[in-house]
Protein chains: 2
Amino acid sequence: MNIALAQLNFHIGNFEGNTQKIIQAISRAQSENVDLIVFSELAVCGYPPLDLLEYASFITHCEESLEEIAKHTKNIAVIVGCPTRNTNQYGRKLHNSACFIADGKIISVHHKALLPNYDVFDEFRYFEPGELFSCIRFKGKKIALSICEDLWDLDDSALYSEGPMDSLSTEKPDFIVNIAASPFAKGHASERKKVLHANAAKYGIPLFYINTVGAQTELVFDGGSLVMNKDGNCVAEMKYFSEDFQVFELDWVKTARAVPFQSDLLFTDNPESEVRQMHQALVLGICDYFRKMGFSKAVLGLSGGIDSAVVYALAVEALGVENVLAVLLPSEYSSEHSIADAIELCNNVGGKWEKLPIANPVEATLRVLNPLFEGTSPNLTEENIQARIRGLLLMALSNKFGYILLNTTNKSEAAVGFGTLYGDMCGGLAVLGDVFKTRVYQLAHYVNRDREIIPQNTIDKAPSAELRADQKDSDSLPEYDLLDAILEAHIEQHKSEQEICAQGYEPALVNRVLKLVHTAEYKRFQMPPVLRVTRKAFGPGRRFPLVAKA
Amino acid sequence: MNIALAQLNFHIGNFEGNTQKIIQAISRAQSENVDLIVFSELAVCGYPPLDLLEYASFITHCEESLEEIAKHTKNIAVIVGCPTRNTNQYGRKLHNSACFIADGKIISVHHKALLPNYDVFDEFRYFEPGELFSCIRFKGKKIALSICEDLWDLDDSALYSEGPMDSLSTEKPDFIVNIAASPFAKGHASERKKVLHANAAKYGIPLFYINTVGAQTELVFDGGSLVMNKDGNCVAEMKYFSEDFQVFELDWVKTARAVPFQSDLLFTDNPESEVRQMHQALVLGICDYFRKMGFSKAVLGLSGGIDSAVVYALAVEALGVENVLAVLLPSEYSSEHSIADAIELCNNVGGKWEKLPIANPVEATLRVLNPLFEGTSPNLTEENIQARIRGLLLMALSNKFGYILLNTTNKSEAAVGFGTLYGDMCGGLAVLGDVFKTRVYQLAHYVNRDREIIPQNTIDKAPSAELRADQKDSDSLPEYDLLDAILEAHIEQHKSEQEICAQGYEPALVNRVLKLVHTAEYKRFQMPPVLRVTRKAFGPGRRFPLVAKA
C-alpha cells in the first residue's frame, strides 16, 4: 500500500485556493499509484479559523469543499481535516474532524477527542470532543486515525488520562495516522518526536504523522511531517518550513531503518541550529503574512541598531530586496555611526533607503505644547515625541504607497515596556516580538554567516534608543543577559518572584523587572501581532487582565 | 436562618484589599445576627484572573487569603468563591470552587461543573470541571451550592445535557445558592432572571443568587443579585452597578410576595432604560479602570462631534469634572461650530479645556515627506497625518502630566475601520467601542435628560471627521441607521452575507460593509480595550485571524 503525505500551506477561509491545492495533490498522487493520501488538520479551511467557525456560512463552505474534493477521489482514498457539525442534541456545535473519503464518497468521519485549550489554543471554544472511535478498514488494513493532540495522552501526561488510541488499539490496527496543525516553537519538534516515537513503539505499528506548514498571522507551522517504523524509529522526516509531498510504501515503512533525525540536530543542545530554525520561522512568518494579506512591500525604520538591522535582513530574505524600503529617521541625538551603519547595511544587500530627518516636526510639535509644558523639565515625554514622529512618518509612507510597516520591537523591550506606544511600537507585524535581545544578537551572527550583511559595528556597539544625549539602554535596564534570564524564567517558565530569587538573582532587581513587566501590560495590549517562536509569546497565547494588581 | 448576600467590587490580584473587604462584610453580618454570608464567584482573587492563575504563587495567595478569612468566621458560616488545586492525577491544575467555611474551618469545597468557554470566557483554559456534588448540611438545612453557569443547563439549553442540580436535587435541598460573576450586556439581566426563575420553580425551593459588581478592564459586572421564593418569583433584587449588602430570613423568603422586577423595566422593550443601563455601565467601566490602575485624571480630544462629547460627559460623571481635561485640536478643516460646540460643552459643566492647533506640526511633517510624495495627490494619507498629530499631542499631555487618554471611537467606526490607527484610535480605554453610532445619539439624549450638557448643535449636525474640506461621514459610509443594522446582524447576531441580504438589505451594500469589517481586523487588533456592553464586543470575546480570506 502506497501512502502519500501532502504537507501543504493553506490559507484560512480561502476555500477555493485550499480545495484546488488539495485536488492537485490528489491528482499527483493518482499519477504515482498512491492508495491513500493524507492531508493535515483542518486543511479544508486552514488552521486556526478561530471565530470564523461561528458563522454557519463558513461551515457550509467547508462542506461544499469536501464534496468537491470527494469528486476527485476515483481509485484513491483521502484523509483530510475539516470542521463538521455536531449532530447530537447537546454540546458545542462543531467537531474538529478527519474525513475518510474514497471513490467519490465520504466513508467515515472521525472526531478529535483531546482538545487543546491552553496557550494559543482555544479548541473547547468551538468543538465538542469525539467519544466513539473505530478503525478505518481499507484494502485489508485497519487504520487508527487520530488528530494532533489525540496522541498526547502518554503515561507522563498530566492533562489526559486516556485518548482515542486506548480504544482504537483494541481493534489491532495495522498503522496509525495522525493529522496535525502543530506550530513551531523553540524545542517543540523534539518533544513532538518523543511523543510520536512513544506511540508507535507502544503499539508496535508504523505511524504516519502529517503536519501543516506556513504562517497564520502569529503562528508559524513548521511542517516536518514524520514516518515512524513499528519500533518507533523515524524512517522519514519531511521538509521544515516549506511544502513537501512524499510517498511511502507501507511494508517498507514497517521495517525500514531509522534515519538520523534532523530535528535532533536542529533543536536540542545546539544553539547554532536553534537560531537557524528561528531564522527560518521568522522569514516564513513575514512571507506568509504579506502573501496571505495580499501585500508585497515592506517599509521599516533603520536606526543603525541591531533590532532594525535584523528585521531588515529577515524582510529582505522574505520579500526580496526590491520590496523593502529602509528609512533613516535621524534626530539631533542620532550618532554619526547610526546613519553610516544603516546605510552600510542597505548597501551590503543593494537595498534602497531614504532619509527623513525628524527635527522639524518634533520642533513644531514641541512649540504647540510649549504653553502647557512651561515650567516642566524634559523627560520621557520629549523622547516619546521623537519616537512618535518617526512612527507617523513611516505610517505616512505605508499609507501613501501601500507598504506594510514592520515593527522592530524585541521581546525584552516588549516585556519591560521599553518602547513608545504609537511610536516604535507601530507596525503591521512584530517580527522580533518573541525574540529576546540576546537572541537578536544570535540572529545577527546567523544573518552574517556567509558574509557581512549587518555591519560589525551595529553588532558591537552598546544598545541605545538615542532619544537623548549619550543615552544607553544600560542606563535604565540591567545588562540584557541578566534581564533576559529573569524574563525567560518569569514569562516562559511561569516562575514567580520568589522562585526566581531562589535561583540566585538579586531580589531588588527581580522585583523591579517583574514590576516593569506588569506595568507594560497595557502597551502590549496594543502591540502588533507577534511572530511566535517560543512556547510563550506575547499575543493571544498570553492573557492578562490590565487592571490587576501584581 | 438569616442569610446575607455581600455584593462587592473586587480587584483582581489585590489579595489584601479583597480579603479585608470580605472580612469587613463578615463582621457586619455577625453584628446583624447572620447565620450564613455569601460572596461571589472567585471573590478572593477577583474575576477573571486569566493567566495569573498559571502562577503557583497566585494560587498560594488565594489559599492564604482563605485561611485569613476562615479566622474571622466565629459563629458564622461563609460561602466564598476561590480557585483551588485539582488534587486528581489528571486534568487541568485548578478548580473554580465555592468554599464553605464555618467556625474557623474550611468545611467543604464545591467545584464548578459547567465551565463557560465562549465569547469572553475561557474557563476550560484553567479549570477542571467538578464531577461529584453534595449538599451542604448547615443548621438543619441542606444547601444546594453551585457556581454561575452551573444553573444554565435548562431544558432549552443547547450546550449542556445536565448540571449539578440534577444530582443535588436528589438530596432534597432546602434552598439553592448560586455564586456568580456575570458581566453586563444589553438584555442579559432578563435572561439571567429567566434562568434563575426556572431553577427555583423547577425544584420548588428558594434561590439566593449573588453576582459580583464592578469593572475589570473590558468587563462590567452589574451586580443585581437576586432572591427567588419557592415558586421562582423574585422577592428581592439588589442594586445594579454598585456594591450592596442585604440580609434575608429564609422562612420569609420561602413565601414572600414577588416584587416588581426592576430589570424587566430596565432591560426589555424599553429603549430609554436600556440606554440608562448602558450609561451606568460605561460610567462604572471608566471609574474602575482608573481606580484599579491607580490613575485619577483623564484627557481627551474634543472635536465638537457627538462621540467625543458623549465620552467627555461620561468621564466627567465617572471621574469628576476637575479630573477631565478637554483638548481642542483644530485644523484648517475644522468648522467654526466645531470649536464653539466643544467650548460650550465644557462650559456647560464648568470643565477646563485647552486649544492646540495642529497646523504647524502637520505642515512640518508634510514638508519632510514632500520629496517622497512629489507627484502624488492628497488622499487618506494626509488625513491620517492630521489624526496622528492629534494623537501625538494628546499622548504628550498624557505622558507629561499622568493623564490617561480616553479613546472616542464608536463601534460603527471600529467595525468598518473608519478611524486612524495611532491617531484617533489612540487611548488607554475605548469607552464607546461597543456602542454603535445610533446608540451614541441615544446616550447623548440621556446625558441631556435634565438639562443641556451636550450642545444641541453637536447632536443635530451631520457627522464629519473634518479631515478635508466639506467632508461628511455619509460621503464614504451609508447612513448610520442602515450601517448599524447591517453591522449588528453580522457582528452581534453572527449572520452571514446571504442571511443579511435575505432580510432585504441591498446586496452590494451588504457586501461592501462586510468587506470593510474584514479589512479593518488589523486595526482593531491594536485598539485599546473596549468596555463591553453588548453580547458581542470587539476585544477578547471576538477572535479573528488577520490573514484570513473572507
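Residues numbered from 1 in each chain as written. Chains lettered and ligands numbered in written order. Predicted model: local features only at pLDDT ≥ 70, side-chain atom pairs only at ≥ 80, totals over all residues. Heavy atoms only, no water.

A. Structural detail: the nonpolar core. In this structure, Ile37, Phe39 and Val80 of chain A together with Ile37, Phe39 and Val80 of chain B are the most contacted members of the largest nonpolar core, which totals 95 residues. If we skip the residues at most four places from it in the chain, phenylalanine 39 of chain A touches Ala6, Leu8, Phe10, Ile22, Ala25, Ile26, Val78, Ile79, Val80, Gly81, Ile179 and Ile210 of chain A. (Core = buried A, V, L, I, M, F, W, Y, C linked by side-chain atoms within 4.5 Å. Buried < 20%, exposed > 50% of the residue type's maximum accessible area, 1.4 Å probe, protein only. Contact = heavy atoms within 4.5 Å.)

B. Focus on the packing of helix α8 (residues 306–319) of chain A against helix α9 (residues 336–349) of chain A. Residue and element names in this part refer to chain A. It is at 11 Å that the axes of α8 and α9 come closest, and there the two elements cross at 15°. For the element pair α8 / α9, the angle class is roughly parallel. Crossing angle aside, the handedness with which α8 passes α9 is right-handed. Residue-level contacts link Ala309, Tyr312 and Val316 of α8 to Leu345, Cys346 and Val349 of α9. Of the residues assigned to the contact of α8 with α9, the class counts are 6 nonpolar, no polar and no charged. (Axes fitted to C-alpha atoms, helices over the stretch in contact; angles between N-to-C directions. Helix = DSSP H or I, 4+ residues; strand = E, 2+ residues; numbered from the N terminus. Parallel < 35°, antiparallel > 145°, perpendicular 65-115°, else oblique. Left-handed = near helix turned anticlockwise from the far one by under 90°. Nonpolar A, V, L, I, M, F, W, Y, C, P; charged D, E, K, R; others polar.)

C. Fine view of the relation of the copies chain B and chain A. Each copy superposes on the other: chain B lies on chain A with an RMSD of 0.0 Å after a rotation of 180° and an axial shift of 0.0 Å. Taken together, the rotation and translation relating the two chain copies correspond to the operation of a two-fold axis. No C-alpha of chain B approaches the rotation axis more nearly than that of glutamine 526 of chain B, which lies at 2.1 Å. Taken together, the interface assignments show that 98% of the residues at the interface of chain B recur at the interface of chain A, consistent with an identical surface on both copies. (Least-squares fit on C-alpha atoms with pLDDT ≥ 70 in both.)

D. Up close: the sheet that holds strand β6 (residues 136–138) of chain A. Residues and elements named next belong to chain A. Strand order across the open sheet formed by 6 strands is β6-β7-β8-β9-β12-β13, with mixed pairing between neighbours. The sheet is open, and its two edges are formed by β6 and β13 (234–237), each paired on a single side. Shown here is a sheet whose adjacent strand axes are inclined to one another by a mean of 20°, direction ignored. Direction of pairing for strand β12 (residues 226–228) relative to β13: antiparallel, over a ladder of 3 bridges. Along β13, the bridge assignment pairs valine 227 with alanine 236. (Pairing = 2+ DSSP bridges.)

E. Structural view of the packing of aromatic side chains. Applying the stated criterion across every chain, the model contains 25 aromatic pairs over all chains. Ring geometry for phenylalanine 401 of chain A and phenylalanine 373 of chain B: centres 5.8 Å apart, planes at 75°, overall edge-to-face. Within this pair, whereas phenylalanine 401 of chain A is found in helix α11 (residues 380–401), its partner phenylalanine 373 of chain B is found in helix α10 (residues 359–373), the two belonging to separate chains. Relative to phenylalanine 138 of chain B, the ring of phenylalanine 100 of chain B lies with its centre 5.7 Å away and its plane at 75°, an arrangement referred to as edge-to-face. Here phenylalanine 138 of chain B lies in strand β6 (residues 136–138) and phenylalanine 100 of chain B lies in strand β4 (residues 94–102), a separation of 38 residues in the sequence. Accessibility assignment for this pair places phenylalanine 100 of chain B and phenylalanine 138 of chain B in one class, buried. Through pairs of rings, three or more aromatic residues link up here, namely Phe175, Phe208 and Phe248 of chain A. (Phe/Tyr/Trp six-rings, centres within 6.5 Å; stacked < 30°, edge-to-face > 60°.)

F. Highlighting the pattern of salt bridges. Evaluated as defined, the whole model comprises 62 salt bridges over all chains. Linking lysine 411 of chain A and aspartate 434 of chain A is a salt bridge whose minimum nitrogen-to-oxygen distance equals 2.6 Å. Separated by 23 residues along the polypeptide, lysine 411 of chain A in helix α12 (residues 411–416) and aspartate 434 of chain A in the loop between β19 (429–430) and α13 (437–447) bring together distant segments of the chain. Here aspartate 434 of chain A falls in the buried class, since its relative accessible area comes to 0%. The shortest N-O distance in the salt bridge between lysine 254 of chain B and aspartate 251 of chain B comes to 3.4 Å. Taken together, the residues lysine 254 of chain B and aspartate 251 of chain B, both in helix α5 (residues 250–255) and 3 residues apart, mark about one turn of the helix. (Salt bridge = Lys/Arg side-chain N within 4 Å of Asp/Glu carboxyl O.)

G. Quick look at the sheet that holds strand β2 (residues 36–38) of chain A. Residues and elements named next belong to chain A. Strand order in this open sheet of 6 strands is β5-β4-β3-β2-β1-β14, and the pairing throughout is mixed. Only two strands of the sheet have a single partner each, and these edge strands are β5 (105–111) and β14 (244–249). Ignoring strand direction, the axes of neighbouring strands in this sheet form an average angle of 30°. Both strand β4 (residues 94–102) and β5 contribute to a ladder of 6 bridges, which runs antiparallel. Bridging from a neighbouring strand, cysteine 99 pairs with valine 109 of β5. Its contacts with the sheet place helix α2 (residues 56–70) against β3 (77–85), β4 and β5, and it is angled at close to 165° to β3.

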